[in-house]
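Working through the structure, step by step
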Amino acid sequence: MAGISAYDSNSISILFSSLPGASGGVSPMSAMSASIMDYKMVSSGNYLRLMKSYFAKTDAEEFRKAFGNGKAGSNSVSKDSASTLGNVKSAAEELEDSASSLVRGTVFQKVSETDSSGKTTSTYDTDKIYKAVKAFADDYNSVIKAADGVKTNGLKKTAVNMINYTEKNASALSAVGISIGSDYQLSINEEAFKGADMNKIKSLFHGSGSYANNIKSQASMIAYKAGNETSKSNTYTNTGNFSSTYSSGAMWDSFF
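Only a predicted model underlies this, so the values are computations on that prediction, with no experimental measurement involved. (Residues numbered from 1 in each chain as written. Predicted model: local features only at pLDDT ≥ 70, side-chain atom pairs only at ≥ 80, totals over all residues. Heavy atoms only, no water.)

Some words on the overall build of the chain
Put simply, the rule is: Put simply, DSSP marks the helices as runs of H or I at least four residues long and the strands as runs of E at least two long, and each gets a number from the N terminus on. Relative accessibility decides the category of a residue: with a 1.4 Å probe and only protein chains considered, values under 20% of the type maximum give buried, values over 50% give exposed, and everything between is partly exposed. Residue contacts are defined here by distance: any two heavy atoms, one from each residue, within 4.5 Å place the two residues in contact. Using the Shrake-Rupley algorithm and a 1.4 Å probe, accessible areas are obtained, with residue cover drawn only from the displayed protein chains.
Of regular secondary structure, the chain possesses 11 helices and 4 strands. Of all 256 residues assigned to the chain, the portion counted as buried reaches 32%. Put simply, of all contacts in the chain between residues at least 6 apart along the chain, 65% involve residues at least 24 apart. As presented, the chain carries roughly 15000 Å² of accessible surface, and 52% of it is formed by carbon and sulfur atoms.

The following block contains the structure:
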């Protein structure tokens, strides 16, 4: 057996000669002696080194053939690539953050303004609100782009639910200068938005019952599902080992 030392060859002889019937009848004393030698081989680590030496030249090659000629991730049990899922997860997390800043933030707190005559009034900071809603719309569009073409059913369904919910609010969004394109993207007319009733804008984007809060929940679910699906993607590497994204494979690899 090529690649195995004389010590290893002797060890193999000892190992297999100890099996009942390997060379005819085996006396109790011989069997006990062989068992003691087997125990010493296992406890000293020689048995593990012996097995690794034997399988080293064939194991990786056979596994690579079985999983697509050594291409990383060729046995992925996910319908989408890790790259696609990562982009979706990142975009959804950004949308969740921008939605949270509208839903729970201070952007809709009124500020005091004093005019040239010295009169002070309390009003909304329309520039600040516009920037926050524009950031939300940009992040929403990024999720739609990233999720376009995903194959994972659960992830696709959640993205579609988000689109459908937005379309249900098309009229309310339009009233404050926000339109939905044929590609499901949101666009904001800055002039129309700043000239709209700020109470309507606040109703859409602030508070637990708002449109933005629902989108926040949808984004959170998309991020969760994309992250969960990533654990199924690219679980086998081109070196014949399981990648760290698959816990069972990582545990198996640790023995070798």
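Brief notes about the packing of aromatic side chains
Rules: Two rings from Phe, Tyr or Trp (for Trp, the six-membered ring) form a pair when their centres are within 6.5 Å of each other. A pair whose planes differ by under 30 degrees is stacked, one over 60 is edge-to-face, and the rest are tilted.
In this structure the tally under the stated criterion is 5 aromatic pairs. Summarising the aromatic geometry, the rings of Y165 and Y211 are spaced 5.8 Å apart at their centres and angled 5° between planes, so their arrangement reads as stacked. Placement of the pair is Y165 in helix α6 (residues 153-168) and Y211 in helix α10 (residues 211-230), with a sequence separation of 46 residues. Among the residues examined, Y165 registers a relative accessible area of 22% and is labelled partly exposed. The class of Y211 is buried, set by a relative accessible area of 3%. Plain terms: the ring middles of F205 and Y211 are 6.0 Å apart, the flat faces sit at 85° to each other, and that makes the pair edge-to-face. Accessibility classification places F205 together with Y211 in one group, the buried group. Ring pairs connect the aromatic residues F136, Y165, F205 and Y211, which therefore count as one cluster.

With respect to the environment of S100
Mapped onto the elements of the fold, S100 is located in helix α4 (residues 82-103). A sequence separation of 106 residues divides S100 from H206, and the C-alpha atoms of the two residues are 8.9 Å apart. Setting aside anything within four residues of it in sequence, one finds S100 in contact with G105 and K216.

With respect to the pairing of strand β1 (residues 111-114)
This is how it is decided: Pairing between two strands requires that DSSP report at least two bridges joining them.
As paired strands, β1 and strand β2 (residues 120-123) are joined by 4 bridges and run antiparallel to one another. Pairing of V111 across the sheet is with T123, part of β2. A loop of 5 residues connects β1 with β2, the two strands running antiparallel in sequence, and G118 in this loop sits at a positive phi of about 90°.

Remarks on the packing of helix α5 (residues 126-147) against α10
Rules: Interaxial angle, 0 to 180 degrees, is taken between N-to-C directions of lines fitted to C-alpha atoms, where a helix line uses only the stretch in contact. Less than a right angle of anticlockwise turn of the near helix away from the far helix marks a crossing as left-handed, whereas a clockwise turn marks it as right-handed. Only Asp, Glu, Lys and Arg are considered charged in this grouping, and only Ala, Val, Leu, Ile, Met, Phe, Trp, Tyr, Cys and Pro are considered nonpolar; every other residue, Gly among them, is considered polar.
In the contact formed by α5 and α10, the axes pass within 12 Å of each other and the chain directions differ by 35°. Read as a crossing pair, α5 and α10 show a hand that is left-handed. Facing α5, whose interface residues are F136, Y140 and V143, α10 presents Y211, A212, I215 and I222. Grouping the constituent residues of the contact of α5 with α10 by class yields 7 nonpolar, no polar and no charged.

What about the pattern of salt bridges?
Here is the rule: We define a salt bridge as a side-chain nitrogen of Lys or Arg found within 4 Å of a carboxyl oxygen belonging to Asp or Glu.
Taken as a whole, this structure holds 4 salt bridges when the rule is applied. Overlapping salt bridges bring together D127, E190 and K194 as one network.

What about the confidence of the model for the chain?
Note the threshold: Per-residue confidence from the prediction method is given by pLDDT, with values spanning 0 to 100.
Residues at a pLDDT of 70 or more form 61% of the chain, whose mean pLDDT is 77. Scored below 50 in pLDDT, residues 3-7 makes 7 contacts in the model with residues more than four places away or belonging to other chains. Across residues 236-256, confidence stays below pLDDT 50; counting only partners more than four residues off in sequence or on other chains, it has 39 contacts.

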